[in-house]
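Structural overview
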Amino acid sequence: MTGGWRRPIQALRRRLLREINSTVHGAELHLERYDRPPGDPGLFGAASVVWRVHEHPAGMLVGGFAALMLQSLHPVAMRAVAEHSDYRTDPTGRLHRTARFVSTTTLGSSAAAEAAIAGVRNIHRYVRGFDATGRPYRADDPELLCWVHTAEVSCFLQGHQVFAGKRKLSGAGCDAYLAEVALIGELLGADGVPDSRAAVADYLTRVRGQLHAGPESLEVVALLRGFGRSGRERLAVRVLTNAAIGILPDWARTELGIRRGWAVRRLWDRPVARLLGAVMVWACGLSPIRAAAHARARAGVRAGG
């Protein structure tokens, strides 16, 4: 009788995993980036805090949506995205490419991670233009790269802390995550990457005067809140986006014109997102990307033992 119940439950779990992977990564997972060569730890290794944070699907998605909204407040970064990205015409493709980059640099082999970073750096060489004041910008500007990296990883960390439950990090663990993940920003060409909570807070205080919402920023929020290829997908994204709004700094919500009261954010948005997140964590326990990465890393341990 137990086995009879287990089969449909496992089938449901696999179906949910396929839907999550299709939404986030696309049809092809490219497992060759994760399953070889045996013993290669990648850029961080299975014992790293980066693996721990980036393996939490709900925390990463909520943090990722928050990062997109926060990043949009930098006028130059948003100008570059608006002029050189297809996020308006192909938002799903944009999500897939971003998710693949994050997962490859985190869980992928050393060669796959380095190739992904080299690919982005090569694209950045050709992203040039002029901001609203007529000053030239370029995507490989070390200061601009520092903003994009810091906004992203600080939101990833905040998403993890809110949705990881008992697996949330200690204060020292949070600092360790930021110190480890700074490597990605540095390899992309960023300068002065903050590597602790105190450094991130100081950095955000320093750049605060440069940040404001333009028409494209508001467009990003609207695009995220309506994202999805089906009714079920749109509902899930709306739940996660509402939760993402709740982890933004107060000043960022104000800049974006988001009026969603504390009670709604804390007493409705966050509990509903935690419920959805628990389902996602359950489904993603079967993640072929995670399984391939851990098997690759463990192969070296077995060989060494």
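Whatever comes next refers back to the structure up there.
Please read all numbers here as calculations on a predicted model, not as lab measurements.

Quick notes on the overall build of the protein chain
In terms of regular secondary structure, the protein chain is built from 14 helices and two strands. Over its C-alpha trace the protein chain gives a radius of gyration of 19 Å, about what one expects of a compact globule, namely 19 Å for 305 residues. A principal-axis box enclosing the C-alpha atoms of the protein chain has dimensions of 65 × 45 × 40 Å. Residue burial in the protein chain is summarised as follows: out of 305 residues, 48% are buried. Considering only contacts within the protein chain whose residues lie at least 6 apart along the sequence, 77% involve residues at least 24 apart.

Quick notes on helix H4 (residues 75–84)
Listing the buried residues of H4 in full gives Val76, Ala77, Met78, Ala80 and Ala82. Structurally, H4 contributes buried residues whose contacts are with helix H3 (57–71), strand S2 (136–138), helix H7 (142–163) and helix H10 (215–225).

Considerations on the environment of glutamate 219
Tracing the chain through its elements places glutamate 219 in helix H10. Using a relative accessible area of 29% as the deciding quantity, one classes glutamate 219 as partly exposed. Between the alpha carbons of glutamate 219 and isoleucine 20 there is a distance of 25 Å; along the sequence they are 199 residues apart. Ignoring sequence-local partners within four residues, the contact set of glutamate 219 consists of Tyr87 and Arg88.

Observations concerning unusual backbone geometry
The general pattern is negative phi for most residues beyond glycine and trans for most peptide bonds. In this structure, proline 37 follows arginine 36 across a cis peptide bond, with omega equal to -5 degrees. Along the chain, proline 37 turns up in the loop between helix H1 (2–24) and helix H2 (49–54). If you check the backbone angles, histidine 30 has positive phi at about 55 degrees while not being a glycine. A relative accessible area of 24% places histidine 30 in the partly exposed class.

What about the environment of leucine 178?
Position of leucine 178 relative to the elements: it lies in helix H8 (residues 171–188). Relative accessible area serves as the criterion here: at 3%, leucine 178 is assigned to the buried category. A sequence separation of 86 residues divides leucine 178 from valine 264, and the C-alpha atoms of the two residues are 30 Å apart. Those residues in contact with leucine 178 that sit more than four places away from it in its chain are Val153, Leu157, Pro194, Asp195, Ser196, Arg197 and Val200.

Quick word on helix H6 (residues 110–124)
Over its 15 residues, H6 runs 21 Å from end to end, which matches the ideal 21 Å to within 8%, given 1.5 Å per residue. Among the residues of H6, those classed as buried are Ser110, Ala112, Ala113, Ala116, Ile117 and His124. On the buried face of H6, the contacting elements are helix H5 (91–107), strand S1 (128–130), H7 and H8.

Notes on the side chain of threonine 104
With respect to the helices and strands, threonine 104 occurs in helix H5. A polar contact is formed between the side chain of threonine 104 and the side chain of tyrosine 34, at a distance of 3.3 Å. Excluding residues that lie within four positions of it along the chain, threonine 104 makes contacts with Arg33, Tyr34, Ala112, Ala113 and Ala116.

Some details on the packing of aromatic side chains
Within the structure shown, the criterion is met by zero aromatic pairs. Over the aromatic face of phenylalanine 163 sits the side chain of arginine 274, whose NZ or CZ is 6.0 Å from the ring centroid.

Concerning a nonpolar patch on the surface
Residues Ile9, Leu12, Val279 and Trp282 make up a contiguous nonpolar surface patch of roughly 320 Å² in combined accessible area. When contributions to the nonpolar patch are tallied by element, the ones reaching two or more residues are H1 and helix H13 (262–284). With respect to the secondary-structure elements, isoleucine 9 resides in helix H1. For isoleucine 9, a relative accessible area of 41% gives the class partly exposed.

Some words on the packing of H3 against H7
Packing of H3 against H7 brings their axes to within 7 Å, and their N-to-C directions diverge by 145 degrees. Both H3 and H7 take part in a crossing whose hand is right-handed. Contact residues: Gly59, Met60, Val62, Gly63, Gly64, Ala66, Ala67, Leu70 and Gln71 in H3; Trp147, Val148, Ala151, Glu152, Cys155, Phe156, Gly159, His160 and Phe163 in H7. Looking at side-chain class alone, the contact of H3 with H7 contains eleven nonpolar, six polar and one charged residues.

So, the pattern of salt bridges
Going through the model one piece at a time under the given rule, you end up with 17 salt bridges. Between glutamate 255 and arginine 208 there is a salt bridge, and its shortest N-O distance comes to 3.6 Å. You can see glutamate 255 sitting in helix H12 (residues 250–255) and its partner arginine 208 sitting in the loop between helix H9 (197–207) and H10, a full 47 residues away along the chain. Judged by relative accessible area, which is 27%, glutamate 255 ranks as partly exposed.

Cut-offs used in this document
- Residues numbered from 1 in each chain as written.
- Predicted model: local features only at pLDDT ≥ 70, side-chain atom pairs only at ≥ 80, totals over all residues.
- Heavy atoms only, no water.
- Helix = DSSP H or I, 4+ residues; strand = E, 2+ residues; numbered from the N terminus.
- Rg over C-alpha atoms; globule rule 2.2 N^0.38 Å.
- Buried < 20%, exposed > 50% of the residue type's maximum accessible area, 1.4 Å probe, protein only.
- Contact = heavy atoms within 4.5 Å.
- Expected span 1.5 Å × (residues − 1).
- Polar contact = N/O pair within 3.5 Å; in protein donor to acceptor, adjacent residues only side chain to side chain.
- Phe/Tyr/Trp six-rings, centres within 6.5 Å; stacked < 30°, edge-to-face > 60°.
- Lys NZ or Arg CZ within 6 Å of the ring centre and 35° of its normal.
- Patch = residues over 30% accessible without salt bridge, like charges linked within 9 Å, V, L, I, M, F, W, Y side chains within 5 Å.
- Areas by Shrake-Rupley, 256 points an atom, 1.4 Å probe, with all protein chains shown as cover.
- Salt bridge = Lys/Arg side-chain N within 4 Å of Asp/Glu carboxyl O.
- Axes fitted to C-alpha atoms, helices over the stretch in contact; angles between N-to-C directions.
- Left-handed = near helix turned anticlockwise from the far one by under 90°.
- Nonpolar A, V, L, I, M, F, W, Y, C, P; charged D, E, K, R; others polar.

Limitation: the analysis is restricted to geometry and does not speak to function.
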